[in-house]
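Summary of structural features
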Amino acid sequence: MSLDPVPAAKTSRAGRNLPAAILVGVGLLGVVGASLYWRPEPFVLLVIVLLCAGLWELRQAFARRDLRLPMVPLFVGAAGMIVSAYRGGPEALFVAFVLTVAAAVVWRALDGSGLSAVRDSAAAVFAASYLPFLAGFVVLMLAQPDGEIRVALFILLAVANDTGGYIAGVLLGRHPLAPTVSPKKSWEGLAGSIVLATVVGVLGAVYGLGESPILGVALGVMTAVTATVGDLAESLLKRDLELKDMGSLLPGHGGVLDRLDSLVITAPFVYLVLSVVA
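Residues numbered from 1 in each chain as written. Predicted model: local features only at pLDDT ≥ 70, side-chain atom pairs only at ≥ 80, totals over all residues. Heavy atoms only, no water.

As for the overall build of the protein chain
The criterion, for reference: The numbering of helices and of strands both runs from the N terminus, where a helix is a DSSP run of H or I of at least 4 residues and a strand a run of E of at least 2. Only protein chains enter the accessibility calculation, which uses a 1.4 Å probe; a residue is then buried when its area is under 20% of its type maximum, exposed when over 50%, and partly exposed in between. It only takes one pair of heavy atoms within 4.5 Å for two residues to be counted as in contact.
The number of helices and strands found in the protein chain is nine helices and two strands. When the elements of the protein chain are put in sequence order from the N terminus, they spell out α-α-α-α-α-α-β-β-α-α-α. Buried positions account for 47% of the 278 residues belonging to the protein chain. Restricting to contacts in the protein chain with at least 6 residues of sequence separation, those with at least 24 account for 70%.

This is the structure in structure tokens:
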């Protein structure tokens, strides 16, 4: 009796398992929307959980280069930065960041000295800066007037950037954007990101915040640029670590870090623009 081979998961031209990516993406949007709808505290908790998952993925990735992240102070510091940002504003976020870095360095120093301790401490500073500190700007948005609308607009801008870039890249992509870093990214994909993010930005600015459509255009273009930089930065990191994805927690997307890379880089810029204009 012969056994038929099990069919491989259907992947798209861009290398994703498209059905799984859609289901997981819709599910994540549903969780985020539900956490924002009732009260802000569930969203704050969700951010902390995602950051801890991202930090764990970063720990696993860095271990490939014999870098050991001090996870206890990073986990505690991540929660402290997010709660401080929500309750105390930018100054509290910065103080919590400094305390997290100090705790991580001391924690690692107590485990031994030498060059390895310096390398691990530098990796810990990077981890604290890259994830919880930058993500704190999302929570700073939440603490502002109409914070739920601002955060929802920020997330929809990121989704529009990813969706527009994916569709345009698959259908029209011919000219690589950064072939040595991310061969699948194209200039056509970037154009698609700008177009769809700008549409979402204009609709959100006018109907969500009651502001000028010019603000929406600025948000859309800025999000496409910063999110692309974030994607390329993580691609460069993965290339150095010889990884395809930073994890496997999100089928069709990779790891949590593969979804957070563009968000954390974009968050400070959206926060600053909305703080000044809206």
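A look at the pairing of strand β2 (residues 182–186)
Stated precisely, the cut-off is as follows: At least two bridges found by DSSP between two strands is the condition for calling them paired.
The sheet contact formed by strand β1 (residues 176–178) and β2 spans two bridges and is antiparallel. What sits directly across from Ala178, in β2, is Ser182. Between β1 and β2, which pair antiparallel and follow one another directly, the connecting turn spans three residues.

What about the UniProt feature "transmembrane region" (unreviewed entry) in the protein chain?
Filter applied, for reference: UniProt positions are given in the numbering used here, feature names are shortened, and annotations may be inferred rather than shown by experiment.
Mapped onto the present numbering, the UniProt feature "transmembrane region" (unreviewed entry) falls at residues 20–38, 44–62, 69–86, 92–110, 122–143, 149–168, 189–208 and 214–237. Between the end C-alpha atoms of residues 122–143 the distance is 31 Å, and the span holds 95% helix and 0% strand.

Here's the deal with the packing of helix α6 (residues 147–172) against helix α8 (residues 213–241)
To be explicit about the condition: Here an axis means a line fitted to C-alpha atoms, over the contact stretch when the element is a helix, while the angle between two N-to-C directions is reported on a 0 to 180 degree scale. For a crossing to be left-handed, the near helix must be turned anticlockwise from the far one by less than a right angle; the clockwise case is right-handed. Here the term charged refers only to Asp, Glu, Lys and Arg, the term nonpolar to Ala, Val, Leu, Ile, Met, Phe, Trp, Tyr, Cys and Pro, and the term polar to all other amino acids, Gly among them.
Two numbers describe how α6 lies on α8: the axes approach to 9 Å, and their chain directions differ by 65 degrees. By crossing handedness, the relation of α6 to α8 is classed as right-handed. Facing α6, whose interface residues are Leu153, Leu157, Ala158 and Asn161, α8 presents Leu219, Gly220, Thr223, Ala224, Ala227 and Thr228. Of the residues in the contact of α6 with α8, the class split is six nonpolar, four polar and no charged.

Examining the packing of aromatic side chains
Stated formally: Any pair of Phe, Tyr and Trp rings, taking the six-membered ring for Trp, is counted once the centres come within 6.5 Å. Such a pair is stacked with planes under 30 degrees apart, edge-to-face with planes over 60 apart, and tilted for the rest.
Summed over the entire model, instances satisfying the criterion amount to five aromatic pairs. Centroid distance Phe97 to Phe133: 4.8 Å. Interplanar angle 40 degrees. Geometry classified as tilted. Separated by 36 residues along the polypeptide, Phe97 in helix α4 (residues 90–110) and Phe133 in helix α5 (residues 115–142) bring together distant segments of the chain. What makes Phe97 buried here is its relative accessible area of 15%. When the centroid spacing of 5.3 Å and the interplanar angle of 20 degrees are considered together, the rings of Phe126 and Tyr130 count as stacked. One end of the pair is Phe126 and the other is Tyr130, both in helix α5 and four residues apart, which spans about a single turn. Since its relative accessible area comes to 35%, Phe126 is described here as partly exposed. Residue class for Tyr130 comes out buried when judged on its relative accessible area of 10%. Put simply, the rings of Phe97, Phe133, Phe137 and Tyr271 touch in pairs and so form one group of aromatic residues.

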